[in-house]
Every structure is written in structure tokens, then in C-alpha cells.
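Tertiary structure, described
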Amino acid sequence: MITGDHAGTAAAIAAQIGLETPTRVLTGRDLDKLDDAQLALEAASVDVFARTSPEHKLRLVTALQANGLSVAMTGDGINDAPALKRADAGIAMGLKGSEAAKEASDLVLADDNFATIAAAVREGRTVYDNLKKVISWTLPTNAGESIVVVLALLAGLALPVTAVQILWVNLITGITLGIALAFEPTEVGTMGRPPLPRHTPILSGELVWHMLLVALLFFTAVFGVFTYAVDRGYPLELAQTMALNMLVVLEIFDLFFIRNIHGTSLTWDAVKGTRVVWTVVIVITAAQFAVTYLPSLQAILGTKPVPLADGLLIVGVGAAFFAIIEIEKQIRLGLKG
């Protein structure tokens, strides 16, 4: 917090808005006594700076960045332009700001309302989360499909899912379920999370572990259902149809799991989902019933009607898959907390 007010006024404002250390204030005069290294140390622990000049603001932006932080800077005057330019996110006032400040900034507040910044941060975090959800859903499910086919080929076994069936799964689920995640609303507690470090990768170690776990569970479930059908003497086409439906059911359950990457998926809001999610799930379910039971589509995809008991078994395996990855997530979140 940088303000031109008196130190006491700045501290009172800081306390009202809930800053962690509102009582410790450094003024511009204090900053003049510090070299750049000392300022970098002080900036890491001080939240309030008062009576600062444009030159002080530029030094503070640089000091905070030296600590690995991403810095947002607001300003409206001509002299604020260097600090606005230096900041990771320079924000100028659209109504009262100078042209120099606007030119130097990355963002311009059309309404000069700081609440708009909070709304933009919330929207940015939501977009980032949804991008991560799409990746977290797409990579593991595709890896699971690939492992099923590759290991079957390496072992010299009959393919649990044919090439045309894999193409069908990718067309019907990859397009629809992935797009549905892009419309996810902001998760509860999004604005309470601390900012991510500047160089945090989207493909984190946590995501790689999730991808490996889901791929292994996909392989186990699909091969398990396929082997079960073969052992019961079902025709190969029926065994492949059951494996195909197992893939789709797993991807639907994984969708409901991945919708809440920062909290539990075992809530009414999580189950209720959104209109987009349920529209997509209904469309995919109807499509799967069609390719499983309509003779015209059976001829194209090489499918056979699945008995009711076996269909319930497939759904049950999908529910068990959901329970395993949800338990793993709760353990991981508990360890992080």
C-alpha cells in the first residue's frame, strides 16, 4: 500500500482494509535512508508506505520484484509513468489519469473504481483455474486411452477398444466435456488463496502425479471390465462395447471430480453442477445409448447391446474410480494444509 497521506492516516486506512501489519509504516524519508538491498528486505515485511514520491514508488516496485513477487501498480500522474511501466501490471485511472500514465500502463480503469481491479483478479483466477481444469482432465483421460491400446498391442491381446471406437470417444467426449469445463464458475475461496509464484508452471508435479494415477485407474478399469466380459464368454464385440462404455463413464466421473480442484467434490453444489455440465452429460449419455443399442450405429462402431446388470456394473466401477481419486485429493489437500 503506497499513499501520499500522513503516516497515521495511512496506518488507519490499512487497518480498516485488513492488511496484516498496518501499524508499521515507512515514509518517503525512511526510504531515502535505505539502499536497494535494505529496501528489498524491508519491502518484504512492510505493508504500508506513506508520503512517497514517484521515485520512491519506482524503487518499491523494483524491490518487491527482487523478492520474486508480481507487482501491480496504480497511478494517475505523469510522474507515475516509470513505476507503472516497470510494474508487472501497471493500472492507470481512465477518468482522472494523465495520458502519460495511460500509455505506460497495461490496464486502464474506465470507471476509476478499485473494486474493478478485484473483479478482474477474480476473473483472471477463474480463467486460470478453468484452463488448468481442462488440461487436468484432457491429459490423464487421453493418457488412459492410449495406455489401454498400447499395452494390449505389446501384450499381443485383442484390443479392448477398436480404433473407430477410440475416435468416437475422442469426438463425443473430448470436444464436449472439455468445453464444458471452460464455463465453470469461480470456485468458493478463490480470492482467499495466496497468489502463485511468478514462474509456477501449469504442468506441475501435482498434475503429473494426477495424470499417472488416473491413467493407471483407466487402464485397470477398462481392462478389468473387458477381461470380465471375455471370461464370461461374451462375444468380442460385446466385451469391446463394455470397455467403450467404461471409458466414457470414467471420463464423466472424472469431469465431476476435476470441477473442484481446490476443494472437495462431495458437496451438493458439486453434484448439482452447472447447466452446461449437465447438458453435456445428458447429450453424451444419450449418444452412448444410441451407439450401444441402435442397430444402424452398431454396424458402424461394431457394438453390441449391453445387458442391464453389466451396465450397472460399469457405473459402479466408475463410482469406485471417483471415490479413489477423491480420497487421494483429500489426503493431498490435507497434507498441503
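Along each chain, residues carry numbers from 1 onward, in the same order as the chain's sequence is written. Reporting of local features is limited, given that this is a predicted model, to residues whose pLDDT is at least 70; pairs of side-chain atoms are given and counted only at 80 or more, and all residues count toward the totals for whole chains, interfaces and linings. Excluded from the side-chain calculations are hydrogens and water; all other atoms, namely the structure's heavy atoms, are used.

Some points on unusual backbone geometry
Within the chain, Arg51 stands out as a residue other than glycine whose phi angle is a positive 55°. Secondary structure elements are taken from DSSP: a helix is a run of H or I of four residues or more, a strand is a run of E of two residues or more, and numbering for both begins at the N terminus. Along the chain, Arg51 turns up in the loop between strand 3 (48-50) and helix 4 (54-66). When its relative accessible area of 52% is taken as the criterion, Arg51 is described as exposed. Despite not being glycine, Asp112 has its phi angle at roughly 55°, a positive value. Within the fold, Asp112 resides in the loop between strand 6 (107-109) and helix 7 (115-155). Remark: exposure states derive from per-residue accessible area (1.4 Å probe, protein chains only) relative to the maximum for the residue type, with buried under 20%, exposed over 50%, and partly exposed in between.

What about the packing of helix 10 (residues 205-231) against helix 11 (residues 236-258)?
Taken N-terminus to C-terminus, the directions of helix 10 and helix 11 make an angle of 150°; their axes are 9 Å apart at the nearest point. Between helix 10 and helix 11, the crossing angle belongs to the class labelled roughly antiparallel. In the crossing of helix 10 with helix 11, the sense of the turn from one axis to the other is right-handed. Within the contact between the two elements, helix 10 uses His210, Val214, Phe218, Ala221, Val222, Val225, Phe226, Tyr228, Ala229 and Val230 and helix 11 uses Leu236, Ala239, Gln240, Met242, Ala243, Met246, Leu247, Leu250, Glu251, Asp254, Phe257 and Ile258. Classification used: nonpolar for Ala, Val, Leu, Ile, Met, Phe, Trp, Tyr, Cys and Pro, charged for Asp, Glu, Lys and Arg, polar for all others including Gly. Tallied by class, residues from the contact of helix 10 with helix 11 come to 18 nonpolar, 2 polar and 2 charged. Axis lines are fitted through C-alpha atoms, for helices just across the contact stretch, and the angle between N-to-C directions can take any value from 0 to 180 degrees. Throughout, the term roughly parallel applies to angles under 35 degrees, roughly antiparallel to angles over 145, roughly perpendicular to angles from 65 to 115, and oblique to all others. Left-handed describes a crossing whose near helix is turned anticlockwise from the far helix through less than a right angle; right-handed describes the clockwise counterpart. Residue contacts follow a heavy-atom distance rule, with two residues in contact if any of their heavy atoms lie within 4.5 Å.

Considering the environment of Val164
Tracing the sequence through the fold places Val164 in helix 8 (residues 163-174). Spatially, the C-alpha atom of Val164 lies 8.7 Å from that of Gly302, the residues being 138 residues apart in sequence. Apart from residues no more than four positions distant in its own chain, Val164 is found in contact with Ile300 and Leu301.

A look at the pattern of salt bridges
Criterion for a salt bridge: a side-chain nitrogen of Lys or Arg within 4 Å of a carboxyl oxygen of Asp or Glu. Applying the stated criterion across every chain, the model contains 10 salt bridges. When the shortest N-O distance is used, the salt bridge between Glu187 and Lys133 registers 3.1 Å. Here Lys133 lies in helix 7 and Glu187 lies in the loop between helix 9 (176-181) and helix 10, a separation of 54 residues in the sequence. On the accessibility criterion, Glu187 (11% relative accessible area) is buried. Between Arg332 and Glu206 there is a salt bridge; the shortest N-O distance is 3.2 Å. You can see Arg332 sitting in helix 15 (residues 308-336) and its partner Glu206 sitting in helix 10, a full 126 residues away along the chain. In the salt-bridge network here, residues are joined through shared partners; they are Glu206, Glu328 and Arg332.

Brief notes about the packing of aromatic side chains
Side-chain rings of Phe, Tyr and Trp (the six-membered ring for Trp) are treated as a pair once their centres are within 6.5 Å; stacked means planes under 30 degrees apart, edge-to-face means over 60, and tilted covers the remaining angles. According to the stated counting rule, one finds 5 aromatic pairs in the structure shown. Both rings, one in Phe253 and one in Phe322, keep their centres 6.2 Å apart while their planes meet at 50°; by these two values the pair is tilted. Of this pair, Phe253 sits in helix 11 while Phe322 sits in helix 15, placing them 69 residues apart in sequence. You can call Phe253 partly exposed: its relative accessible area is 23%. Note on Phe289 and Tyr293: the rings are 5.8 Å apart at their centroids and 25° apart in plane angle, and the pair reads as stacked. Taken as a pair, Phe289 and Tyr293 lie in helix 13 (residues 275-293) at a separation of 4 residues, close to a single helical turn.

Here we look at the side chain of Glu187
There is a polar contact of 3.1 Å between the side chain of Glu187 and the side chain of Lys133. Beyond its immediate stretch of four places on either side in the chain, Glu187 contacts Lys133, Arg259, Asn260, Ile261, His262 and Gly263. N or O atoms within 3.5 Å of each other form a polar contact, as long as, within protein, one can give a hydrogen and the other can take it, and as long as residues adjacent in sequence are counted only when both atoms are side-chain atoms.

Considerations on the sheet that holds strand 5 (residues 89-93)
If you walk across this open sheet you meet the 3 strands as 4-5-6, and the pairing is parallel. The open sheet has two edge strands, strand 4 (72-75) and strand 6, and neither has a second partner. The mean inter-strand angle of the sheet, taken between neighbouring strand axes irrespective of direction, is 25°. As judged from the 4 bridges shared by strand 4 and strand 5, these two strands associate in the parallel manner. By the bridge assignment, Gly75 is partnered in strand 5 with Ala92. Any two strands with at least two DSSP bridges between them are considered paired.

Side note on helix 8
The span you would expect from a helix comes to 1.5 Å times its residue count less one. For helix 8, built from 12 residues, the straight-helix expectation of 16 Å at 1.5 Å per residue is met to within 8% by its first-to-last C-alpha distance of 15 Å. Among all positions in helix 8, only Gln165, Ile166, Val169, Ile172 and Thr173 are buried. Mapping the buried residues of helix 8 onto a view down its axis gives an arc of 145°, with all of them on the same face. The elements touched by buried residues of helix 8 are helix 7, helix 9, helix 11, helix 13 and helix 14 (295-301). This arc is taken over the directions from the axis of the helix to the C-beta atoms.

A closer look at the pairing of strand 5
Across the 5 residues that make up strand 5, a large majority, 4, are buried. Regarding topology, helix 5 (residues 81-86) serves as the crossover connection from strand 4 to the parallel strand 5, and that connection is right-handed. Of the strand pairs in this sheet, strand 5 and strand 6 are connected by 3 bridges, and their pairing is parallel. Residue pairing in the sheet places Ile91 in a bridge with Leu107 of strand 6. Handedness of the strand 5-helix 6 (residues 99-104)-strand 6 crossover: right-handed. For the handedness criterion, the strands are oriented away from the viewer, and a crossover whose path from the first strand over the helix to the second runs clockwise is classed as right-handed.

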